[in-house]
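A closer look at the structure
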Amino acid sequence: MEKYKKLEIIFYLSFPFTALWLFSLLALAFMGHTDNLFWQYALIFSATFAVIFGLQFLVLYKEIMSRLTEANALQKALQSQEYAAKMLVRRDLELSRANEKLRELDAVKSNFISVAAHQLRTPLTSIKWTINMILNGDLGPLTTEQRGFLMKGYESNERMIILVNDMLTSDRAESDKLQYQFAPIQIFDLMDNVLYEMTIQANKKNITIELEGRDANLPRVTIDTEKIRAVLQNLFENAIKYTPAGGKILVKVSADKTSLKVTIQDTGIGIPEEQQKNVFNRFFRAPNAVKTQTDGSGLGLFITKSIIEKHGGKIWFESAQNKGATFYFTVPITH
Ligand code: ADP
């Protein structure tokens, strides 16, 4: 830019001088003094100056033209930018509409799951009580074979009830409709209760459960007891389900200044590395889990994660195939 400025100044300064020399030249011709030495010099200077002026004019003209071309290109770029901005606004609008549509579809899907699950729950509950009555001998004595078949029917029905409940809960968790009731509690009041139930299940597979870090002085946590019970049950049930007979589950409870940490470590089939990113996704089941344990919905960890996050805690795990899995979760301490 500095260069252009200098050229312009030279150009404008040269103009009056050139005019003066040209005027003198004309005067000379008019007065017929072309043989005078002074005027001959004047003529040479004028011609030189005119050439310089012409050259300067050319340079300046080139610069002006190139500046004009630049301005044109800039204008075109601005126009295309304006066009791109308009397109972006339009795309944004289209995306908002698509998003709105997806939300509507999601609401329809949630509604469908909720209605279907509710409708399924009623007949399943009545099947449960009917089988229960027969098993209790209310309709007369049963042979061992009849009892065996009925027990199988009862267990399958129970699994259906759990699945339907999980579907309802996961849907409520996803749409943020799960109701929470928080209250301060000493974690072992809950843990002992869950451990008692889980030890019965673990014993059936000859799996031992060990607890480390029992400390009555651990700080209290403010939690929804029933929800954290469901979290513990899910993590223990998984550990039992995916650990071969004779295995071991180690439970640790510890606390730092801000949170209480629960660790549940098993010696089971583990989670293959390439599947680990999906573990907390709804309906996800790793192929090695499906192979070992056909039962499962892939909803438990999704619900578990949502509950822990609602408590302001974190959940994560470490695992490798055939090397067991260790799940950790934290919940904030009550101050
Ligand atoms: P489900 O157990 O009903 O399949 P979850 O949501 O509880 O569903 O778990 C999702 C998946 O995570 C399981 O199918 C399994 O692949 C993997 N998983 C969870 N816990 C364990 C564990 N302790 N050991 C090995 N795999 C596990």
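Residues numbered from 1 in each chain as written. Predicted model: local features only at pLDDT ≥ 70, side-chain atom pairs only at ≥ 80, totals over all residues. Heavy atoms only, no water.

1. Quick notes on helix 7 (residues 300–310)
Across the 11 residues that make up helix 7, a large majority, eight, are buried. Taken as a whole, helix 7 has its buried residues at G300, L301, F302, I303, T304, S306, I307 and I308. Of the surrounding elements, those touching the buried residues of helix 7 are helix 3 (144–174), helix 5 (225–241), strand 6 (315–319) and strand 7 (325–332). Count one or two residues on from helix 7 and you reach G312, which has phi positive near 80°. (Buried < 20%, exposed > 50% of the residue type's maximum accessible area, 1.4 Å probe, protein only. Helix = DSSP H or I, 4+ residues; strand = E, 2+ residues; numbered from the N terminus. Contact = heavy atoms within 4.5 Å.)

2. Things to note about the nonpolar core
Among the nonpolar cores identified, the biggest contains 47 residues, and M191, L232, F236, L260 and I264 are the most heavily contacted of them. Taken together, the elements giving at least two residues each to this core come down to helix 4 (187–204), strand 3 (221–223), helix 5, strand 4 (248–255), strand 5 (259–266), helix 7, strand 6 and strand 7. When residues of this core are assigned to their parent elements, the largest contribution, eight residues, is made by helix 4. Look past the residues within four positions of M191 in its chain and what remains in contact with it is L232, F236, V251, V253 and V262. (Core = buried A, V, L, I, M, F, W, Y, C linked by side-chain atoms within 4.5 Å.)

3. Some points on the pattern of salt bridges
What the rule picks out here adds up to 14 salt bridges. Of the charged contacts, one joins D295 and R159 as a salt bridge, the two residues approaching to 2.6 Å between their closest N and O atoms. Of this pair, D295 sits in the loop between helix 6 (287–292) and helix 7 while R159 sits in helix 3, and the two are 136 residues apart along the sequence. The partly exposed category is assigned to R159, whose relative accessible area is 41%. Two residues, K305 and E309, come together in a salt bridge whose shortest N-O distance is 3.1 Å. Taken together, the positions of K305 and E309, both in helix 7 and four residues apart, correspond to about one turn of that helix. E309 sits in the partly exposed class, given a relative accessible area of 45%. Through salt bridges that share partners, D106, K109, D171, E174 and R282 make up one connected network. (Salt bridge = Lys/Arg side-chain N within 4 Å of Asp/Glu carboxyl O.)

4. Considerations on the packing of helix 2 (residues 37–135) against helix 3
Relative to each other, helix 2 and helix 3 sit at 155°, their axes nearing to 9 Å. When the axis of helix 2 is compared with that of helix 3, the two are roughly antiparallel. As helix 2 runs across helix 3, the sense of the crossing is left-handed. Among the residues making up the contact of helix 2 with helix 3, the classes are represented as 16 nonpolar, seven polar and eight charged. (Axes fitted to C-alpha atoms, helices over the stretch in contact; angles between N-to-C directions. Parallel < 35°, antiparallel > 145°, perpendicular 65-115°, else oblique. Left-handed = near helix turned anticlockwise from the far one by under 90°. Nonpolar A, V, L, I, M, F, W, Y, C, P; charged D, E, K, R; others polar.)

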